[in-house]
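A closer look at the structure
Read off the chains here:
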Amino acid sequence: MDSTTPAQPDFRSRQSHHAAHDREIESLAEFDHVASAHGTLAHYRVQAVDLTDRTDVLMSADPTGAVFLGCPMAPGAAARVAAAGALVFPPIPGLPFDPYRARVYSPDELYASLDDGYASTPDASSYDWFQQTRADGDVFASMLRAVHDDAVSDALDELLTGARVVGVMGGHAMARGTAAYAGAARLGRELARAGFTVATGGGPGAMEAANLGAYAAPFDDGMLDEALLLLAEVTSFTPSITDWARSAFEVRERWPRGGASVGIPTWFYGHEPPNAFAAHIAKYFANATREDGLLARCDAGVVFLPGAAGTVQEIFDNATPNYYESRGEPTPMVLVDKAHWTERLPAWPLLDSLAGGRTMESRIALVDRIEEAPAALKRLGG
């Protein structure tokens, strides 16, 4: 596995940064700047920053109304800021994840120790912890999961400020080496080249293919063809997640600094590991939070590739706010593969009936081939 993280563009627009986030301190450099420039920590939120070497500042600066979320600090400093009016949430020892994290994940972070096998990675360890704590019903563990997921949502909102996001949904069963996988990759590449931020469910199959396409966007067209051939040597994440993930990192090593995209997976589906081509991974414990958050952020539309129960659920999770216009103007929905969505899993007739006579009627389309999806998005206003 390559330990070098490709340089990735920053989706955030500093000029339009939410005012609410201006009080957040998410790095030691930000902490030093605030302490030096303002001389106070009052009412700031300090998130997952190691402050063990900043005792002098903590002992002298005004912390009234400040909140420290999972910040290591000397015991005396922690006692002082708490006594002076700050709220301190200490780090939680023994967890395979940081519930207070200030950033979304990267593939290198989730797949650290992959050389020792997938079972040794933080991603696998977090899933194991989730399975154990979900079974015992510990309210403290459920609180930690909720805090973690909220922190991830906050980080994702900051990341995507100013981005035009198009979702690509589809099943995890789509195998590498197939025409469908190649088509999904080319779709992701075309969307990224058109200036969209590609967002997927972050897992294998169609999701990986779309993230791969976005990764390939800065390179010439031959790069994607070669990458598809290399990945086809390990067609699926079963039986070995280790081999599947390693082959993706091999592609990243050969072509570093690819284009950025977003994956939003969940530990709820433990059998679906995250793919390594999404530069930014917002991984959740609660699948309901993940599903709603993924679709809500696809403000430029969603393309639905052939899938099974999960993709059907996503179609109608997206259709409901479009129907009621609860998020404002309906966003484009493009279903790909007429036979799949009218015969095998006839979601289209129901969606078409729901849309009849409403604003969303002009924002839905059914196309036969994946190559038609970008033009359909453009036609629908995406």
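Per chain, residues are indexed from 1 in the order of the written sequence. Note on the predicted model: pLDDT of at least 70 is required for a residue's local features to be given, and 80 or more for side-chain atom pairs to be given and counted; whole-chain, interface and lining totals, by contrast, use all residues. The side-chain numbers reported here are obtained from all heavy atoms of the structure, hydrogens and water having been left aside.

Per an unreviewed UniProt entry, the protein carries the name LOG family protein and comes from Streptomyces plicatus.

1. Describing the sheet that holds strand 7 (residues 262–263)
Working definition: the strands of a sheet are paired by backbone hydrogen bonds and lie parallel or antiparallel to each other. Paired strands, in this sense, are two strands between which DSSP finds at least two bridges. Numbered from the N terminus, helices here are DSSP runs of H or I no shorter than four residues, and strands are runs of E no shorter than two. Here 7 strands make up an open sheet; going across it, the order is 8-7-6-5-9-10-11 and the pairing parallel. Sheet topology places strand 8 (280–281) and strand 11 (364–367) at the edges, where each strand pairs with a single neighbour. As judged from the 3 bridges shared by strand 9 (residues 302–304) and strand 10 (residues 333–336), these two strands associate in the parallel manner. What sits directly across from V302, in strand 10, is M333.

2. Description of the environment of H38
Mapped onto the secondary structure, H38 falls in helix 1 (residues 28–38). For the exposure calls, accessible area comes from a 1.4 Å probe over protein chains only, and a residue counts as buried if that area is under 20% of its type's maximum, exposed if over 50%, partly exposed in between. Assessed through its relative accessible area of 48%, H38 is described here as partly exposed. Along the backbone, H38 and A61 are 23 residues apart, and their C-alpha atoms lie at a distance of 9.6 Å. Residue contacts for H38: discarding those within four places in its chain leaves H33 and Y44. Only heavy atoms enter the contact rule, under which two residues are in contact if any of them lie within 4.5 Å.

3. Considering the nonpolar core
Core analysis: the largest hydrophobic core is formed by 50 residues, its most contacted members being L305 and V334. When residues of this core are traced back to their parent elements, those giving at least two are strand 5 (165–169), helix 7 (179–193), helix 8 (206–216), helix 9 (221–231), helix 10 (241–254), strand 10, strand 11 and helix 15 (373–380). Setting aside its immediate chain neighbours within four residues, L305 contacts V168, M169, G170, A184, L187, A206, T311, V336, W341 and I370. Nonpolar cores were defined as sets of buried Ala, Val, Leu, Ile, Met, Phe, Trp, Tyr and Cys residues, with membership established by side-chain atoms within 4.5 Å. With 44 residues, the next largest nonpolar core counts A199, W267, L295 and W348 among its residues.

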